[in-house]
Every structure is written in structure tokens, then in C-alpha cells.
Amino acid sequence: MKYKSVFDIIGPVMIGPSSSHTAGAARIGRVARDLFRREPKWATISFYGSFAKTYKGHGTDVAIVGGLLDFDTYDERIKESLTLAKKNGMKVRFIEEDAITDHPNTAKVKIGDDEGELELVGISIGGGKIEIIELNGFQLKLSGHHPALLVVHDDKFGAIASVSNILAKHAINIGHMDVSRKDVGKMALMTIEVDQTIDENVIQELTALPNITQVTRIAE
């Protein structure tokens, strides 16, 4: 019966008193899926704060797994996501964490398969809106509500300018940009949210730039 209540909370346009626990959770899961570029074979999901206390009653567990299955917030399959994940061979584990975080609705999602792993931390800030605040150890700010680019690059002079120049050449407006690095001169990450859809030829041009390791496009 709890699975049915997910849709009483979300509704077709995410209307309800706990959209942060359901629609937001689904979007966190779906961003993780987008970044991983495929359906994972396993997922370890850690809930903090309010998420840890209420995730079963509010359907946060089924919502975030639904996102990993690439279901949108209004997709009725979300209510069966745990069953569908198991049917697909995805092993899912939930952990209720006691640690205090800056935001009460925080989830850490670690996913993987035989080819690789990914770990992100997301927060649900209300009304179905989210922010991804950490990715594989990099600090960032990604809303998931605009087209975006994640550019892994060497922390060297000119890397940021070269990426910006390519976007300007294609008349792509930058709405928000963050740069995070683990150490001076080592690997760094650009998080760029833009106002327009990003074509594949732009991705190819960015990938061909010096000092650029990986370019990942995230659709709105």
C-alpha cells in the first residue's frame, strides 16, 4: 500500500507535501543514471537526516531506484521499481546513516557494474528540485534542471578559457559554472549549466581540446 502513496504525494506535476522525498529522490537517482550512462548492476544508497527517518513511509526508496531505472517523476512504474530492479538483476542496498549533514534531505548514491563505479551526493531542496553537491570526490553544484556539461580536465592554464570559447562560438549561454579540483595541477572538474541543448558536434569539439579528459552531457 505504501507504493501507491508515492503517487498521491507526487501527482502528475509533483504536487504534494513531500515532493522533496519522492520527486526529488527520483531526480537524484536519474541524474546518477545519466552520469553513469547505463543501468547499474548494483546500488548502495545511503540516506541522511529526514531521508533516513522517513524514506520508507514517503516512498523515497522506490523513487530513487526508479530514477536509477531511468523513470521520470511521473512514471507509474516507480511504484514497482524495487521489484523491477530485482528483475533486471540490480542489487540494491539501503543504509540509514546517523551522520549530520548540512541539508536534512541528503542521499549518497554509489552505483556500479563490472566496468566501473560512480558515487554522488545529492540533496532534495523542495518542490522536486535537487542539487548534486559531490561527484566522485569532487565538490560541485548541479541542479539537474538545465542542460549541463561535466568536463574532466587537467588543472592547467587555458583549459577553462578554451571550453568557454567553444561554447561562445556556438552561441551557447552559460547559466552557471563551477570548477572543482582535488589538488593544484591535478585533475579538475568543470560543471557548466547552459540555456540551450548541446549538439553532439559541440561535445566532439570539446573532447578534442588539449587537457580535456572527458566530457559528459546531461539533458534537462
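Structure report, in brief. (Residues numbered from 1 in each chain as written. Predicted model: local features only at pLDDT ≥ 70, side-chain atom pairs only at ≥ 80, totals over all residues. Heavy atoms only, no water.)

1. Re the sheet that holds strand β4 (residues 116-126)
In spatial order, the strands read β2-β1-β3-β4-β5-β6; together these 6 strands make up an open sheet with mixed pairing. A single partner strand is all that each edge strand has here, and the edge strands are β2 (91-96) and β6 (138-142). Ignoring which end each strand starts from, the neighbouring axes of this sheet average 20 degrees apart. Both strand β3 (residues 105-113) and β4 contribute to a ladder of 8 bridges, which runs antiparallel. By the bridge assignment for β4, I111 is matched with L118. Running over the sheet, helix α3 (residues 49-58) touches β1 (42-48), β2, β3 and β4 and is turned about 110 degrees from β1. Its contacts with the sheet put helix α4 (residues 60-68) on β1, β2 and β3, and the angle it makes with β1 is roughly 140 degrees. (Pairing = 2+ DSSP bridges. Helix = DSSP H or I, 4+ residues; strand = E, 2+ residues; numbered from the N terminus. Axes fitted to C-alpha atoms, helices over the stretch in contact; angles between N-to-C directions. Contact = heavy atoms within 4.5 Å.)

2. As for the packing of aromatic side chains
Applying the stated criterion across every chain, the model contains 4 aromatic pairs. Arranged with centres 5.9 Å apart and planes meeting at 10 degrees, the rings of F47 and F94 form a pair that is stacked. Taken together, the residues span a long stretch of sequence, with F47 in strand β1 and F94 in strand β2 at a distance of 47 residues. Since its relative accessible area comes to 0%, F47 is described here as buried. Overall, F94 belongs to the partly exposed group, its relative accessible area being 24%. Between the NZ or CZ atom of R38 and the centre of the ring of F36, over which it lies, the distance is 4.0 Å. (Phe/Tyr/Trp six-rings, centres within 6.5 Å; stacked < 30°, edge-to-face > 60°. Buried < 20%, exposed > 50% of the residue type's maximum accessible area, 1.4 Å probe, protein only. Lys NZ or Arg CZ within 6 Å of the ring centre and 35° of its normal.)

3. Focus: the nonpolar core
Counting residues in each nonpolar core, the largest one holds 39 residues, and the members touching the most others are I64 and L120. Sorting elements by how many residues they give to this core places helix α2 (residues 23-36) first, with 7 residues. Among residues more than four places away in sequence, those in contact with I64 are A25, A26, I28, G29, I45, F47, F94, A107 and V109. (Core = buried A, V, L, I, M, F, W, Y, C linked by side-chain atoms within 4.5 Å.)

4. Some thoughts on the environment of L140
Its location among the elements puts L140 in strand β6. On the basis of relative accessibility, which here comes to 8%, the residue L140 falls in the buried class. Setting aside residues up to four positions removed in sequence, L140 forms contacts with I132, I133, E134, L135, L150, D178, L189 and T191.

5. Remarks on helix α6 (residues 159-169)
Regarding α6, the residues found buried are A159, S162, V163, I166 and L167. For α6, the angular spread of the buried residues around the axis is 135 degrees, confining them to a single face. Facing away from the buried side of α6 by over 90 degrees, the exposed positions are N165, A168 and K169. Downstream of α6 by one or two residues, A171 has phi in the positive range, about 55 degrees. (Arc of directions from axis to C-beta.)

6. A word on the pattern of salt bridges
Think of it this way: side chains of opposite charge can pair up when their charged atoms draw near. All chains considered together, the criterion is met by 9 salt bridges. Between K110 and E117 there is a salt bridge whose closest N-O contact spans 3.9 Å. For K110, a relative accessible area of 31% puts it in the partly exposed group. Residue R217 pairs with E200 through a salt bridge whose shortest N-O separation is 3.0 Å. Separated by 17 residues along the polypeptide, R217 in strand β10 (residues 212-218) and E200 in helix α7 (residues 200-207) bring together distant segments of the chain. When salt bridges that share partners are traced, they join R30, D70 and D72 into one network. (Salt bridge = Lys/Arg side-chain N within 4 Å of Asp/Glu carboxyl O.)

Shape is all these values report; function is a separate question.
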